[in-house]
Amino acid sequence: MLAGADIELYPGEVVGLVGENGSGKSTFMKVLVGALDADAGTVTTRGRIGYCPQEPLVYSRLTCDEHIELFSRAYGMSDADVRRSRDELYEGLTFARYAAVRVDRLSGGTLSKLNLALALLPDPDVLLLDEPYAGFDWDTYLRFWDLVEARRARGKTVLVVSHFVVDEHRFTRIVDVRDGRTWSR
Ligand SMILES: Nc1ncnc2c1ncn2[C@@H]1O[C@H](COP(=O)(O)OP(=O)(O)OP(=O)(O)O)[C@@H](O)[C@H]1O
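Note that the structure is a prediction, hence the values are computed from the model and not measured.

Undergrad: Explain the pairing of strand S4 (residues 157-161) here, please?
TA: In regular strands, side chains alternate between the two faces of the sheet. Most of S4 is tucked away: 5 of the 5 residues are buried. Neither face of S4 is open: one carries Thr157, Leu159 and Val161, the other Val158 and Val160, and all of them are buried. Relative to S4, strand S1 (residues 14-18) is paired through 4 bridges, and the arrangement is parallel. Bridge pairing links Gly16 to Val160 in S4. Considered for its hand, the β-α-β crossover made up of strand S3 (residues 126-130), helix H5 (residues 138-153) and S4 is right-handed.

Undergrad: Would you take a moment to explain the packing of helix H2 (residues 64-75) against helix H3 (residues 79-92) for this structure?
TA: To characterise two packed helices, one gives the angle between the axes of the helices and the distance between these axes. At their nearest, the axes of H2 and H3 sit 11 Å apart, and the two run at 140° to each other. On the basis of the axis angle, H2 is oblique to H3. In terms of crossing hand, the pair formed by H2 and H3 is right-handed. Of H3, the residues touching H2 (which contributes Cys64, Asp65, Ile68 and Ser72) are Val82, Arg86 and Tyr90.

Undergrad: Which parts of the structure should I look at to understand the packing of aromatic side chains?
TA: A ring pair, where both rings are aromatic, is described by two values, the distance of the centres and the angle of the planes. Here the structure, examined in full by the defined rule, presents 9 aromatic pairs. Here Tyr90 and Phe95 contribute two aromatic rings whose centre-to-centre distance is 4.9 Å and whose plane-to-plane angle is 70°, an arrangement assigned as edge-to-face. Residue classification places Tyr90 among the buried residues on the basis of a relative accessible area of 6%. The buried category is assigned to Phe95, whose relative accessible area is 0%. Judged by centre distance (4.9 Å) and plane angle (70°), the rings of Phe144 and Trp145 are edge-to-face. Judged by relative accessible area, which is 4%, Trp145 ranks as buried. Three or more aromatic residues joined by ring pairs form one cluster here, namely Tyr133, Trp138, Tyr141, Phe144, Trp145 and Phe171. One Lys or Arg, Arg178, reaches over the ring of Trp183 and ends 4.7 Å from the middle of that ring. The lysine or arginine in question, Arg181, covers the ring of Trp183, its NZ or CZ lying 4.1 Å from the ring centre.

Thresholds applied
Residues numbered from 1 in each chain as written. Predicted model: local features only at pLDDT ≥ 70, side-chain atom pairs only at ≥ 80, totals over all residues. Heavy atoms only, no water. Buried < 20%, exposed > 50% of the residue type's maximum accessible area, 1.4 Å probe, protein only. Helix = DSSP H or I, 4+ residues; strand = E, 2+ residues; numbered from the N terminus. Pairing = 2+ DSSP bridges. Right-handed = clockwise from strand over helix to strand, strands pointing away. Axes fitted to C-alpha atoms, helices over the stretch in contact; angles between N-to-C directions. Parallel < 35°, antiparallel > 145°, perpendicular 65-115°, else oblique. Left-handed = near helix turned anticlockwise from the far one by under 90°. Contact = heavy atoms within 4.5 Å. Phe/Tyr/Trp six-rings, centres within 6.5 Å; stacked < 30°, edge-to-face > 60°. Lys NZ or Arg CZ within 6 Å of the ring centre and 35° of its normal.

Here it is, written out as structure tokens:
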């Protein structure tokens, strides 16, 4: 599927990963995050990685708050850090009112907000986001970019799978996935 795909990411940049449907963007991201083993090649990482998969990995019977609790334990976060991060994400992505709602009762867009919030929760050094704003309304889409910019300004690295030409000016640079390899634009 991929042969010759290569990417280097640096602190303080927001990189767009683009390409046709089926070109291998999600596969490449899964290899980078370690969710998929590559037949060959190496991945070297520094710092904590956060991953927002295209398909939310959530538990239908748990609420948003319960997901945050569960994931924060897995991340080993302190109670103070969880409170601060949770409040920022509920407010930043405007879904605090769904805190006590079970995932199987959420709309698609709100589920996407939770999926993204779970990746951002521990304030990772490197964020790998696979079409994170699928289903977002316009206001949330703009808020998403505010959250990304705030992190970039603090020296974090963000890689975003994107399909939108309108996003182009938001990226430090763009990497194309085509014919199984990466092309820098
Ligand atoms: N689990 C799998 N097993 C076999 N083939 C797969 C699997 N997942 C994806 N593929 C195939 O790998 C190719 C690349 O898929 P991938 O999801 O990485 O593309 P993409 O660039 O992210 O596409 P899109 O823009 O549609 O999200 C596709 O042809 C797809 O059918």
